[in-house]
Structure formats: C-alpha cells, structure tokens
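For reference, the chains in residue letters:
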Amino acid sequence: MATRRPVRKGSAKDVGEGVRLGTEQSAGERGLVEAAQSDPAKFEVLYKLHFERVYAFVASRVRERSTAEDVTSEVFHKALASLPSYEWRGVPFVAWLLRIAANAIINHAKRAAREFPAPDDPPDRAVAPELQASEMRAIEYRAQLFRLVGRLPEVQKQVVYERFVEQRSIREIAQRLGKTEGAVKQLQLRAVQNLRAQMEGGHG
Amino acid sequence: MAKRSLALQLNEVVQWMLVSLRPRPEESPDRELASLTRVAQVLRELPREEFRVALKSDLQRRVSMSEGTAAVPVGTGETKASAVHYQRPGLTGITPYIIVRPAAQFIEFLKSAFEGVERMRMPAPDGSIMHAEVAIGNGAIEVSDGNEQYPTAPGAVHLYVDDPDATYARTLQAGATSFYAPTDDHPSGDRWGAVKDSFGNHWYIAKPRGWTPGPEGLRSVQPYLHLREAHKMIPFMETVFGAEAIGVHKSPEGIVHHATIRIGNATLEIDEAHAEFQPMPCHLHVYVPDTDAAYARAMDAGATSIDAPRNAPYGDRAAGVKDAWGNSWFIATYLGQ
C-alpha cells in the first residue's frame, strides 16, 4: 500500500530558479547531456552523477522506501525517454530531473488518492514545487552523505547498511558479522562520526 | 569510557528513529549527540545499493533494447528494480564456487592458509560435502565435492590480504607450491605473489598499493579467469549480467592484459591466458536481480543450459549455464527468508 503523504504545494515557477549549484555543475554538464542525446549509452554518466540527488529529493518527500524506489526508477526511465527533446537552457540538468521527480511524486500521490479518496486531494494540475536554495542545499548535503557511505571502511559500511537500510537489530548484526553487540555499537558510532567529520570537512 | 557511553546513547537514538520514523524528542540536547543524530537521520533514507545497481542495469538494458527496436514502454512493471533484495546475505555479486576433492581437506587448507572461517557445511547422504561456505576477509568461497553435473574444477582466485608475505608463507606450509614469492614488481603495482595449492587452485595473494577502491570498497576475494580471446568475455558478461568493465588494459592489438569487471557489488578479473596461467574452466556463483532474465540473456548470448531457472529448496531462484569458455555460472536471485 502506498503511503499517503501530502505533497508540498508551491508556485509553478521553474524549479531551476531556486537552484544554485557549484561551478563544477554547469561547465562540463552541457557536454555530458549532449553526448547522451546522441548516444543513449552515455546516459549512464548522468545517472551516476545524479542518482543520489534524485533519490535524496524523492526520499525526503515519500517516506516509504519502496515508493521512493518506484518513483526514482520512474524519473530516470522518463528522463532517458525524454532526453532527445531536452533543450539546454543554462539551467542545471538536475533541475530538469527534479522537475520530473516532482511531477512523478504528485502523480503517485494522485494514484494513491484515487484508491483512497480523501477530501484534501492534491489539485489536478501537475505543479512542480519551487525549490528554494535552502532545500537544494539540503538535497546536496544528503546526496553527498549517501556517496560518502560508499567510501567508509568495509565493516563500518556493512554496519550502516545492515542497521539503517535493512533495519536489523544490533543483536542480529552482531551475529551476522560475528562480533559482539558492543563492537557493533562502536562501529555504528565510528561510522556516523566518520561521516560527520567528512561532511564538515567538505563544507569548510 | 565516555566514548562507550556515546556509542550507547547514539544507539538509543537510532533505535528510536528506526522504530518510530521520527527523531527522538530531545530532553537535554547534547551538542555532540545532536550533530551525530542529524547524520543518522539522513542515513535512514540511504538508498539500497542493490537498487542503485539494478536501476542502472535496467536503464542499460533499455538502451540496448531500444537500439534497433521501436519504443519501449515507459514506467511499466517489467523494469522493476525495487523491492528485491536479490543477494543472499553473506554473499556478494560474485563468489568463486570451487569444486575439488576431498572438499573437507580443501576447507582445512582455506582455514590454515587464509584464516578462512567456515560458516556453513551441508553434508550429502554419502558423507561428502554437498555445499559449504568459507568466509575470507569480507568475501567468501563456496566449496563442494561436486557431482556428475558439477564436476571437479579448480579455479584461480585473487585475494587481497593485509600481509601478503605472511599469507604466502602460510600457503606453502599448508602444502601449496610457489609460482613466485610476493614482489613489488608486479605490473598491477600491488605487492603480489602467486601459488598453486595441492588441489590445483591458483591463489594470487596481494596487498593493494596506491589502488583506489571503487565505491563498493575493496573486495578480499575476486575470481580470476585466464581466457583465450578474453576480450570476448567482456561483452558476454555485460549483456548477461549487466556487468561493468571498470578497468581494461589492452595491447594495441586488442589483447586483454588485465580487466576488472564489476557484477553487482563485487568484481572479478580476467586476462588473456599466458605462460603457466592457462584457462581453468571453473564454477562461479552470481547474484542478479532477475535470474530468469539473466538466464534467457545467457542463452541468447550463446551459453548452454545446465539447469533451467527453478526455485531452489534453499530459497533462491537459481539456474545454471555454461559459457563458451567452459566456465559454469550459477545464476541466482535471493528470494528472502
């Protein structure tokens, strides 16, 4: 069953207007997009670059993991299909992806609402929420954190996935990894401390 | 002491979070704990690695399918990447399945040479070993005495260890013979030695030097395939398993000197067979999001069937194919408990 969660409403302003990304974004990005337009196999590069951002955006709005995965999957499939008609307008590519994501979230909520009608159904037009710079920064922060998990020492990474993704108990993780419960708690702490230190380092 | 209590405090917060999906109400906010809590809250939304990989291969498949064919339906169920935790816990995307006799003795070798930890052993009615798993580092090796369908087949495995010299010495004590002792002159740049055990398996024992682990981290156990016409193996694995070549070194004539190939969250290596490193057709165990689809793609790519997809009694959707080089691939999707 899909989670019913009100979709944040906003003005129909272009998502890109609120978006200010780092300089690394705009320079090479146009080239990457155009490469993918002429050779769809190159879409993979864009996927790798933006997966975490799109997922972070979606997951912040739909709490249920399976829904977040469905919507994220829909976003990239749709983006791949619509790429030939995409026109570069100087707005970061991620803004386009997040606009697709915002619409996908609304459609998802509408489908859920059809199944379980409620008086506060979202309006019928597909409204992309305005992305404020602060929200964009929050998305960048989460996306960066997701990427950093991949670079943790192997056992810390394992604990993070077992604990936060699989939501296993400390006891279960201890059994699976052949460690004491105290050791697993220490690893959990060290992983979170590591990530915090790197996030702080990265933000200067 | 203080550190230990912080670990406990953080765990209480995490526990609360996972159960209630809400941050825990703060009574007296401790700054240290509060900043860790913020990180932990984000981790709750961490995407599943399997999902990221599966969606990528869905997209790749779609790109390769739409080349030549007309439109592919958007957002239909056939490209579902979600909701399947497709790897059996404890195993990665790819694990060497070594069938040698007597398997029990081989397990002892893994224990004494590589500090392997036996974590499962299933005897067959005749007392032989039907299936066993030995953990080495963060990877594993699967072991069996085999049967008619799956005969004896030693393989080559590349192990990353902390101390290659000590490990190398232990393998010799355990009955292996040396190809060469660990050296810093190996083309990989790693400190690297090579031995052959008494069952016929090759072990490449290495410590990474200046090698940057990929996003999946460093894998302790990597199957190593020496192949004739190794370059043809790369598209086979890409097509069938959604594999990704993450480092290919070729000669100007196109001979593969070395390639690292990623399948799911694990890697294997291949090279063109040379000198004493000749083809050793072996058994490999791969976890994929969709066994039936991978099996069908393998058939299309010219593999022969060993086992059609079926629900195995241990809870995997499983199939078996043999590639053009004679390696057999156990293809599996974990169906969950």
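All residue numbers refer to position in the chain's written sequence, counted from 1. Think of it this way: whatever chain is written first is A, whatever ligand is written first is 1, and the rest follow in order. Predicted model: local features are reported for residues with pLDDT of at least 70 only, side-chain atom pairs are reported and counted for 80 or more only, and whole-chain, interface and lining totals are derived from all residues. The side-chain figures draw on all heavy atoms in the structure; neither hydrogens nor water molecules are used.

Caption draft 1: View of the overall build of chain B. Scanning chain B for helices and strands turns up seven helices and 16 strands. Out of the 337 residues belonging to chain B, those deemed buried represent 53%. Whether two residues are in contact is decided by their heavy atoms: any pair within 4.5 Å suffices. The contacts of chain B with a sequence gap of at least 6 include a subset with a gap of at least 24, amounting to 61%. Carbon and sulfur atoms provide 55% of the accessible area of chain B, an area that totals close to 14,900 Å². Helical segments are the DSSP runs of H or I of at least four residues, strand segments are the runs of E of at least two, and each set is numbered from the N terminus. For each residue, the accessible area found with a 1.4 Å probe, counting protein chains only, is set against the maximum for its type, and the residue is called buried under 20%, exposed over 50%, and partly exposed in between. The accessible surface values rely on the Shrake-Rupley method and a 1.4 Å probe; as for residues, cover is taken only from the protein chains in view.

Caption draft 2: Representation of the overall build of chain A. Along the backbone of chain A there are eight helices and zero strands. Moving toward the C terminus, one meets the helices and strands of chain A in the order α-α-α-α-α-α-α-α. Contacts spanning at least 24 positions in sequence make up 71% of the contacts within chain A whose residues lie at least 6 apart. Summed over all atoms, the accessible surface of chain A reaches about 9,600 Å², with 50% contributed by carbon and sulfur.

Caption draft 3: Layout of the interface of chain A and chain B. Between chain A and chain B, the contact holds 50 residues from the first and 46 residues from the second. When chain A packs against chain B, close to 4,700 Å² is buried across both sides, 62% of that on carbon and sulfur atoms. Buried area is calculated as the accessible area (1.4 Å probe) missing from two parts once they are joined, with the contributions of both summed. When the buried area of chain A at its contact with chain B is split by residue, H77(A), F164(A) and R196(A) rank highest and sum to 14% of it. Should a side-chain nitrogen of Lys or Arg be within 4 Å of a carboxyl oxygen of Asp or Glu, the pair is scored as a salt bridge. At the boundary of chain A with chain B, the tally comes to five salt bridges. Put simply, the parts of the chain that give the side of chain A that touches chain B at least two residues each are helix 2 (43-61), helix 3 (65-82), helix 5 (133-149), helix 6 (154-165), helix 7 (170-177) and helix 8 (181-203) of chain A. Class assignment of the residues belonging to the side of chain A that touches chain B gives a composition of 22 nonpolar, ten polar and 18 charged. Polarity classes work like this: nonpolar for Ala, Val, Leu, Ile, Met, Phe, Trp, Tyr, Cys and Pro, charged for Asp, Glu, Lys and Arg, and polar for all others, with Gly in that last group.

Caption draft 4: Geometry of the confidence of the model for chain A. Residues and elements named next belong to chain A. Per-residue confidence for chain A averages 78 on the pLDDT scale, and 75% of its residues sit at or above 70. The quantity called pLDDT is the predictor's confidence in a given residue, expressed from 0 to 100. Every residue in residues 1-24 scores below 50 in pLDDT, and together they form 55 contacts with partners more than four places removed in sequence or on other chains. Within the model, the stretch residues 117-128 combines pLDDT values under 50 with 20 contacts to residues more than four positions away or in other chains.

Caption draft 5: Spatial organisation of the sheet that holds strand 3 (residues 129-136) of chain B. All names here are of chain B. Strand pairing is defined by DSSP finding a minimum of two bridges between the two strands. The strand order across the open sheet built from eight strands is 2-3-4-1-13-16-15-14, with neighbouring strands paired in mixed fashion. Bordering the open sheet on either side are strand 2 (117-123) and strand 14 (304-311), each of which pairs with just one other strand. The average angle at which neighbouring strand axes cross in this sheet is 20°, direction not considered. As paired elements, strand 2 and strand 3 share six bridges and run antiparallel to each other. Across the sheet, the residue bridging to V117 is A135, located in strand 3. Contacts from helix 4 (residues 103-114) reach strand 1 (94-99), strand 2, strand 3 and strand 4 (139-144) within the one sheet, and its direction differs from that of strand 3 by about 5°. As a rule, the C-alpha atoms of each element are fitted with a line to give its axis, helices using only the stretch in contact, and angles between N-to-C directions run from 0 to 180 degrees.

Caption draft 6: Up close: the packing of helix 6 of chain A against helix 7 of chain A. Residues and elements named next belong to chain A. With their axes 10 Å apart at the nearest point, helix 6 and helix 7 run at an angle of 140° to one another. When the axis of helix 6 is compared with that of helix 7, the two are oblique. Crossing handedness for the pair helix 6 and helix 7: right-handed. Contact with helix 6, carried on its side by V155, Q158, V159, E162 and R163, involves I170, I173, R176 and L177 of helix 7 and no other residues of that element. Any angle that falls under 35 degrees is termed roughly parallel, while one over 145 is termed roughly antiparallel, one within 65 to 115 roughly perpendicular, and all others oblique. Put simply, a crossing is left-handed when the front helix is turned counterclockwise from the back one by less than a right angle, and right-handed when it is turned clockwise.

Caption draft 7: Geometry of the pairing of strand 8 (residues 202-207) of chain B. Residue and element names in this part refer to chain B. Of all six residues making up strand 8, five are buried, and the element is well covered by its neighbours. Looking at chain direction, strand 5 (residues 156-160) and strand 8 are connected through five bridges and run parallel. Its bridge partner being in strand 8, L159 is matched across the sheet by I205. Sheet topology places strand 7 (residues 191-196) next to strand 8; six bridges connect them, and they run antiparallel. Considered in strand 8, the bridge of V195 is made with W203. Hairpin connection between strand 7 and strand 8: a loop of five residues separates the two successive antiparallel strands, and G200 in this loop has a positive phi of roughly 100°.

Caption draft 8: Local environment of the sheet that holds strand 8 of chain B. Residues and elements named next belong to chain B. The strand order across the open sheet formed by eight strands is 6-7-8-5-9-12-11-10, and the pairing between neighbours is mixed. Two strands close off the open sheet at either side, each with one partner strand: strand 6 (177-183) and strand 10 (244-250). Strand-to-strand twist of the sheet, defined as the mean angle between neighbouring strand axes without regard to direction, takes the value 20°. The strands touched by helix 5 (residues 164-173) within the sheet are strand 6, strand 7 and strand 8, with strand 6 carrying the most contacts at an inclination of about 170°.

Caption draft 9: Fine view of the environment of D271(B). Residues and elements named next belong to chain B. Within the secondary structure layout, D271 lies in strand 12 (residues 266-272). Each C-alpha atom, one on D271 and one on V256, is 5.5 Å from the other, the two residues being 15 residues apart in sequence. Other than its neighbours up to four places away in sequence, D271 contacts Y224, L225, H226, L227, A230, V256, H257 and H258.

Caption draft 10: Structural view of the nonpolar core. Take the buried Ala, Val, Leu, Ile, Met, Phe, Trp, Tyr and Cys residues and link them wherever side-chain atoms come within 4.5 Å; each set so joined is a nonpolar core. F43(A), V58(A) and F76(A) are the most contacted members of the largest nonpolar core, which totals 65 residues. Counting residues in hydrophobic clusters, the runner-up holds 31 residues, among them M233(B), L284(B), A303(B) and A319(B).

Caption draft 11: View of the packing of aromatic side chains. Planes of paired rings set the category: under 30 degrees apart is stacked, over 60 is edge-to-face and the rest tilted, where pairs are Phe, Tyr or Trp rings (Trp by its six-membered ring) whose centres lie within 6.5 Å. Under the counting rule described, the total for this entry stands at 27 aromatic pairs over all chains. Consider the rings of F93(A) and W96(A), whose centres lie 5.4 Å apart with planes at 40°: the pair is tilted. With F93(A) and W96(A) both in helix 4 (residues 93-115), this residue pair falls three residues apart, about one helical turn. Chaining the aromatic ring pairs together yields one cluster made of F43(A), Y47(A), F51(A), Y55(A), F76(A), F146(A) and F51(B).

Caption draft 12: Broad picture of a nonpolar patch on the surface. All names here are of chain A. Residues L32, V45 and L49 make up a contiguous nonpolar surface patch of roughly 200 Å² in combined accessible area. By secondary structure assignment, the location of L49 is in helix 2. Among the residues examined, L49 registers a relative accessible area of 35% and is labelled partly exposed. Residues form patches when they are more than 30% accessible in relative terms and have no salt bridge. Like charges link within 9 Å. Nonpolar side chains (Val, Leu, Ile, Met, Phe, Trp, Tyr) link within 5 Å.

Caption draft 13: Here's a closer look at the packing of helix 6 (residues 233-241) of chain B against helix 7 (residues 291-300) of chain B. Residues and elements named next belong to chain B. Closest axis-to-axis distance for the helix 6/helix 7 pair is 8 Å, and the angle between their directions is 145°. The residues of helix 7 that touch helix 6, namely those facing F236, T239 and V240, are A294, R297 and A298. Broken down by class, the residue content of the contact of helix 6 with helix 7 amounts to four nonpolar, one polar and one charged.

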